[in-house]
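In case you want the letters, here they are:
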Amino acid sequence: MKQVDTLISARWVLTVEDNQPLEHHSVAIHEGKIVDILPSSTAHDQYTAKEHHQLNDHMLMPGFVNLHGHAPMTLFRGLADDLPLMTWLNDHIWPAEGQCMSPDFVADGTELAAAEMIRSGTTAYCDHYFFCESSAETADRLGLRARFYPCTLEFPTPHGSCASDYLKKNEALFKRYESNSLISVGFGPHAPYTVNDDSFREMVQMAKGLGASIQIHLHETAHEVNESLEKFKKRPSERLAELGVFDCAPFQAVHVTQVEDVDIELFKAHNVFVVHCPESNLKLASGFCPVDRLQKAGVSVCLGTDGAASNNDLDMLGEMRTAAMLAKAVGNNAEALPAFEAIKMATLTGARALGLEDKIGSIKAGKEADLIAIDFSQIESQPLYDPVSHLVYCTTADKVSHTWIQGNLKMANRVLTDIDSEALKAKVSNWRSKVLNRA
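A short tour of the structure in this document, coming up. (Residues numbered from 1 in each chain as written. Predicted model: local features only at pLDDT ≥ 70, side-chain atom pairs only at ≥ 80, totals over all residues. Heavy atoms only, no water.)

1. A word on the overall build of the chain
Here is step 1 of the chain: Within the chain one finds 16 helices and 18 strands.
Here is step 2 of the chain: At 21 Å, the chain has a C-alpha radius of gyration in line with the 22 Å of a compact globule built from 439 residues.
Here is step 3 of the chain: Counting only C-alpha atoms and orienting by the principal axes, one finds that the chain spans roughly 65 × 45 × 40 Å.
Here is step 4 of the chain: Looking at the chain as a whole, 60% of its 439 residues qualify as buried.
Here is step 5 of the chain: Long-range pairs, those at least 24 residues apart, make up 72% of the contacts in the chain with a sequence separation of at least 6.
Here is step 6 of the chain: Surface accessibility of the chain: about 16,800 Å² in total, with carbon and sulfur atoms responsible for 48%.
Here is step 7 of the chain: Looking at the chain, you have 39 positive and 58 negative side-chain charges, and the mean spots of the two groups are 2 Å apart. (Helix = DSSP H or I, 4+ residues; strand = E, 2+ residues; numbered from the N terminus. Rg over C-alpha atoms; globule rule 2.2 N^0.38 Å. Buried < 20%, exposed > 50% of the residue type's maximum accessible area, 1.4 Å probe, protein only. Contact = heavy atoms within 4.5 Å. Areas by Shrake-Rupley, 256 points an atom, 1.4 Å probe, with all protein chains shown as cover. Lys, Arg positive; Asp, Glu negative; His and termini not counted. Charge placed at Lys NZ, Arg CZ, Asp CG, Glu CD.)

2. Quick look at the sheet that holds strand 17 (residues 408-412)
Here is step 1 of the chain: Strand order in the open sheet formed by eight strands is 3-2-1-4-15-16-17-18, with mixed pairing between adjacent strands. Of all the strands in the sheet, just strand 3 (33-39) and strand 18 (415-416) have a single pairing partner and so form its edges.
Here is step 2 of the chain: As paired strands, strand 16 (residues 400-405) and strand 17 are joined by four bridges and run antiparallel to one another. By the bridge assignment, Ile405 is partnered in strand 17 with Asn408. (Pairing = 2+ DSSP bridges.)

3. Considering unusual backbone geometry
Here is step 1 of the chain: Between Ala249 and the following residue, Pro250, the backbone shows a cis peptide bond with an omega angle of -10°.
Here is step 2 of the chain: Positionally, Pro250 belongs in the loop between helix 8 (236-242) and strand 12 (252-255).
Here is step 3 of the chain: In the segment running from Gln382 into Pro383, the intervening peptide bond is cis, with an omega of -10°.
Here is step 4 of the chain: Assignment of secondary structure puts Pro383 in the loop between strand 15 (371-375) and helix 15 (387-393).
Here is step 5 of the chain: Located in the positive-phi region is Leu337, a residue other than glycine, with phi close to 40°.
Here is step 6 of the chain: Among the structural elements, Leu337 can be located in the loop between helix 12 (316-331) and helix 13 (339-345).
Here is step 7 of the chain: At Asn413, a position not held by glycine, the phi torsion is positive, near 50°.
Here is step 8 of the chain: Structurally, Asn413 is set in the loop between strand 17 and strand 18.
Here is step 9 of the chain: Look at Asn413 and you get exposed, because its relative accessible area is 55%.

4. Quick look at the sheet that holds strand 13 (residues 273-276)
Here is step 1 of the chain: Within the open sheet, the four strands sit side by side as 11-12-13-14. Their pairing is parallel. Of all the strands in the sheet, the pair left with one neighbour each is strand 11 (215-218) and strand 14 (300-303). Pairwise comparison of adjacent strand axes, ignoring direction, gives a mean angle of 30° for this sheet.
Here is step 2 of the chain: Here strand 12 pairs with strand 13 via three bridges, running parallel. Looking at strand 13, one finds that Gln252 is bridged to Phe273. (Axes fitted to C-alpha atoms, helices over the stretch in contact; angles between N-to-C directions.)

5. Overview of the packing of helix 3 (residues 103-119) against helix 4 (residues 132-142)
Here is step 1 of the chain: Here helix 3 crosses helix 4 at 40°, and the two axes come no closer than 8 Å. In terms of orientation, helix 3 lies oblique with respect to helix 4. Relative to helix 4, helix 3 is oriented so that their crossing is right-handed. For the pair helix 3 and helix 4, contact is made by Pro103, Val106, Ala107, Thr110, Glu111 and Ala114 and by Ser134, Ser135, Thr138, Arg141 and Leu142, respectively.
Here is step 2 of the chain: Considered class by class, the residues forming the contact of helix 3 with helix 4 number five nonpolar, four polar and two charged. (Parallel < 35°, antiparallel > 145°, perpendicular 65-115°, else oblique. Left-handed = near helix turned anticlockwise from the far one by under 90°. Nonpolar A, V, L, I, M, F, W, Y, C, P; charged D, E, K, R; others polar.)

6. Topic: the pairing of strand 4 (residues 47-62)
Here is step 1 of the chain: Pairing geometry for strand 1 (residues 2-13) and strand 4, over ten bridges, is parallel. The residue bridging Ala10 from the neighbouring strand is Leu55, located in strand 4.
Here is step 2 of the chain: Pairing between strand 4 and strand 15: five bridges, direction antiparallel. Bridge pairing in strand 15 places Met59 opposite Ile374.

7. A closer look at the packing of aromatic side chains
Here is step 1 of the chain: Inspection of the entire model under this criterion finds nine aromatic pairs.
Here is step 2 of the chain: Between Phe130 and Tyr166, the aromatic rings sit 6.4 Å apart at their centres with planes inclined by 50°, giving tilted as the arrangement. Placement of Phe130 in the loop between strand 6 (122-127) and helix 4 and of Tyr166 in helix 5 (residues 163-176) is noted, with a sequence separation of 36 residues between them.
Here is step 3 of the chain: Phe130 gets classed as buried once you look at its relative accessible area, which sits at 5%.
Here is step 4 of the chain: In this structure Tyr166 comes out as buried when scored by relative accessible area, which is 1%.
Here is step 5 of the chain: A network of ring pairs unites the aromatic residues Phe76, Phe105 and Trp431 as a single cluster.
Here is step 6 of the chain: Stacked on the ring of Phe232, the Lys or Arg Arg239 has its end atom at 4.1 Å from the ring centre.
Here is step 7 of the chain: The ring of Trp431 carries the charged tip of Lys434 above its face, separated from the ring centre by 4.4 Å. (Phe/Tyr/Trp six-rings, centres within 6.5 Å; stacked < 30°, edge-to-face > 60°. Lys NZ or Arg CZ within 6 Å of the ring centre and 35° of its normal.)

8. Some thoughts on the pattern of salt bridges
Here is step 1 of the chain: Across all of its chains, the model carries 23 salt bridges by this definition.
Here is step 2 of the chain: Here Glu111 and Arg141 are joined by a salt bridge, their closest N and O atoms 3.8 Å apart. Highlighted residues: Glu111 in helix 3 and Arg141 in helix 4, separated in sequence by 30 residues.
Here is step 3 of the chain: Judged by its relative accessible area of 7%, Glu111 falls in the buried class.
Here is step 4 of the chain: Taking relative accessible area as the criterion, Arg141 reaches 55% and is therefore assigned exposed.
Here is step 5 of the chain: With a closest N to O distance of 3.9 Å, Lys399 and Glu380 form a salt bridge. On the criterion of sequence distance, the pair formed by Lys399 in the loop between helix 15 and strand 16 and Glu380 in the loop between strand 15 and helix 15 is long-range, its members being 19 residues apart. (Salt bridge = Lys/Arg side-chain N within 4 Å of Asp/Glu carboxyl O.)

By themselves, these figures tell us nothing about what the structure is for.
Below, the structure written as structure tokens:
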């Protein structure tokens, strides 16, 4: 028999390589990688494991890939609700950040976000914020898989003085984590309306030289598009394409609620990945991403939660359900974004958007063991006819029982292994007082 580190035997294994789960199968893991997927009836004849998890009522599947968020902003959860985007940003969020943002704020907010994501099944995430060196140190310490997109703007913040300053810090962070197996760095211009042409050109030159990707909020609101047409006589997508921003692959366009044929043609021509954040878009009344229309045109769409300040959670299961139902209503088609396609959007397509499809996003021998287990034993999951449909339409975050990243167990039976929940809650309470007492 072969010795492995971990053997997980589950009622179902959803590989995402196939659209139907394997029944009564086991996954063998060694040195952080998946070495075999085989029937549970023969697993113990072939492997002996240091750890064996017998999950008789569970579905084992790849962890979720959350393509867009602002992890430290979890400390602003519920701070300014029921407001339009620009009022929310200009009158509430940016002033609060001006008073509170610091490396310590970012580190503690990242830890809070990490705990929530692990508990809701996210094993890889993208973070678009400031002081990303602090976020990256926290994620690295906790053994998380993350891609950081440090925010670039033209105006000063506690993190930097101008676009060139942000970009220099971004370049240094990229080089710092270039050889890290879990942490990577791209470039994160905030939006077309907060970055000028010269800064975009400087960024493109840096990104191409480093082989780095770019993520940006794009076509998020009608106001953004109209402002671009007035100022540049071009839609934001046309402007960015002409500046070469789309050529820094894999490029990720976040939100994309305002879409015309010209945008879709540009996205397809440049292999742009659209990052759909349905719950944030709904809450801020930004518009509707036409997922069915984009997919039928050959544009890849993946999934993100956005930040907890505008969602108000980091729950990819909830995001998946909202995305599936919203696609049907927007497309006026009950067959739009079926359950398995929603799961794929939240896993393998997300991995492709990061250029990591050879490592994560599905359960396959040779890939890294970023896995989660979903408990279908509870009363809310009964009766169960189709576990794939069940996962999307009636499963909630509290049904995630186990989480592994690179084969390391991060949560077992809902208990975090590397994060002290009580100490974390104490830090969060302290930040709440500081936010409330800000000038």
